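A structural walkthrough
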Amino acid sequence: MNVPDDLRYSSDHEWIRAEDGKLRIGITDYAQDALGDVVFVQTPEVGATYEAGDAFGEVESTKSVSEIYAPVGGTIVAVNEDLEVSPEHVNSDPYGSGWIAVLEPADPSALEALLDAQAYSALTEG
Amino acid sequence: MPVAYPSGTISEHTACRNSCAVFDVSHLGTLVVTGASAFELLQGAFTNDLGRIEPGRAQYTHLLDPDTASVVDDIIVWWMTETTFEVIPNASNTGAVNDVLGSLADGLDVSITDTTDSRAMIAIQGPTARKVLGAVSGDASAVGRFRITPFTFQGVECVSAGTGYTGEDGVECAVPASVAPAFWDAVVAAGAVPAGLGARDTLRLEAAFPLHGHELGGGLTTLQAGLGWVVGWDKPAFVGRDALVRQKESGGYKVMVGLSVDGRRPPREGQTVLSGGGVVGSVTSGNFSPTLGHGIALAMVDDTVPVGDTVSIDVRGTEMPASVVALPFYKSKG
């Protein structure tokens, strides 16, 4: 499984990339592989506010439906509208064109509480 | 059988629609029923009329609960020789079918043997299935629709049937375990794409084939799945006949319909179907249709809901509009 060193991770199998104080969020390579072919992504609304751990979207595959959780609290400032017609990007490029949303964190230091690549790798291998 | 091979469910599905896929369906059971009374036993047990076919042919049929007519299993019967049949139930129902046949065989000249573990069942399906299989065995690939024929592979006797569960033309081969891996490899080498349980389910859903445990069984009867043609109504008796006749005469039961939604979001089993502000039924199978590019579902609804109606599906609290459509969702051009 691909677990890039420069990202943070949640125990719910999301990745988080810090970009100029905002956080880009997607699901990990491990998660997309477990889900199988993704056929639909319910993205959150831009402007919506979530607490850490709130469900803010859904990923549906031919096998099952899974919720996506806000890894930290904050406000959604962008969503990946391309997924509406091409949800398969979540499978083919989970850390790139398969991104799901960008969130402006209520507390910028919240990122530090998330898993690093080593801890996330240990989680998925455990 | 895995849910998917590395290429993934959608690419396996597409291979079956456009060229050829191969499925390891060895989980299906095989009960060999043989003896002078074999015909009498099966004709009195199952819904369909074996008098409509003859040796060398296959027939789709049901075994019903005697009291409720709920489908105990849906089955393919291969009529091998005058006095020998192979009964092919779903994996998990093989024991139940064996038990019922065993109890009905009392006093008849017939023996029943479960040979499931001795053979593999390999399904080769798709518009180019016969061409692909022809490279492995011309005899196997030449079998007609709903016919069965013997063939040899590496000197070993096998059986080919012109049946399947994908909505495409195709063949299912019973191959003794000793040569099964070599047979699989030969079919793959000839161009078939290995496909798993995920694609098998999306393919059968597009073709609107009921799946036991979803549209059949658990109280659901042959009539509710729209399969009246599977019943030999002229037969004097089969297990569950009285209960099925009662249901047919009283009416007012839920029936299987097709639901089509505009977007890609898949309806899911168990979701409630609403119409006119009230509950009219529930989804029994649903998914994204790779061929059509939107969500589809089979549902059991009140028989007052006509094709062409707009209903809604309760997706975790959100009402998703759906059209009641004629079945199947997909029909092969072949």
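Fair warning: this is a prediction, and the values are worked out from it, not measured in the lab.

1. Let's talk about the overall build of chain B
Secondary structure assignment for chain B yields 8 helices and 17 strands. Its C-alpha atoms give chain B a radius of gyration of 20 Å, within 12% of the compact-globule value 20 Å for 334 residues. If you line up chain B on its principal axes, its C-alpha atoms span 60 × 50 × 30 Å. Relative to its 334 residues, chain B shows a buried fraction of 53%. For chain B, the share of sequence-separated contacts (at least 6 apart) that also reach a separation of at least 24 residues comes to 67%. Accessible area of chain B: about 13200 Å², with a carbon and sulfur share of 53%. Distance between charge centres in chain B, computed from 21 positive and 35 negative side chains, equals 8 Å.

2. Overview of the packing of helix α1 (residues 9–18) of chain B against helix α7 (residues 197–206) of chain B
Residues and elements named next belong to chain B. The contact between α1 and α7 brings their axes to 8 Å, and the two run at 50°. One finds that α1 runs oblique with respect to α7. For the pair α1 and α7, the crossing hand works out as right-handed. In contact with Thr 9, Glu 12, His 13, Cys 16 and Arg 17 of α1, α7 contributes Gly 198, Ala 199, Thr 202, Leu 203 and Glu 206.

3. A closer look at the sheet that holds strand β4 (residues 71–81) of chain B
Strands pair in a sheet through their backbones, by hydrogen bonds, and they do so in one of two ways: parallel or antiparallel. Residue and element names in this part refer to chain B. Reading across from one edge, β3-β4-β5-β2-β6 is the order of the 5 strands in this open sheet, with antiparallel pairing throughout. In this open sheet, the two strands that pair with only one neighbour each are β3 (58–64) and β6 (111–114). Strand-to-strand twist across the sheet, computed as the mean angle between neighbouring axes with direction ignored, equals 25°. As defined by bridge partners, β4 adjoins strand β5 (residues 84–88) across 5 bridges and the pair is classed as antiparallel. Paired with Thr 81 across the bridge in β5 is Thr 84.

Quick notes on the rules
- Residues numbered from 1 in each chain as written.
- Chains lettered and ligands numbered in written order.
- Predicted model: local features only at pLDDT ≥ 70, side-chain atom pairs only at ≥ 80, totals over all residues.
- Heavy atoms only, no water.
- Helix = DSSP H or I, 4+ residues; strand = E, 2+ residues; numbered from the N terminus.
- Rg over C-alpha atoms; globule rule 2.2 N^0.38 Å.
- Buried < 20%, exposed > 50% of the residue type's maximum accessible area, 1.4 Å probe, protein only.
- Contact = heavy atoms within 4.5 Å.
- Areas by Shrake-Rupley, 256 points an atom, 1.4 Å probe, with all protein chains shown as cover.
- Lys, Arg positive; Asp, Glu negative; His and termini not counted.
- Charge placed at Lys NZ, Arg CZ, Asp CG, Glu CD.
- Axes fitted to C-alpha atoms, helices over the stretch in contact; angles between N-to-C directions.
- Parallel < 35°, antiparallel > 145°, perpendicular 65-115°, else oblique.
- Left-handed = near helix turned anticlockwise from the far one by under 90°.
- Pairing = 2+ DSSP bridges.

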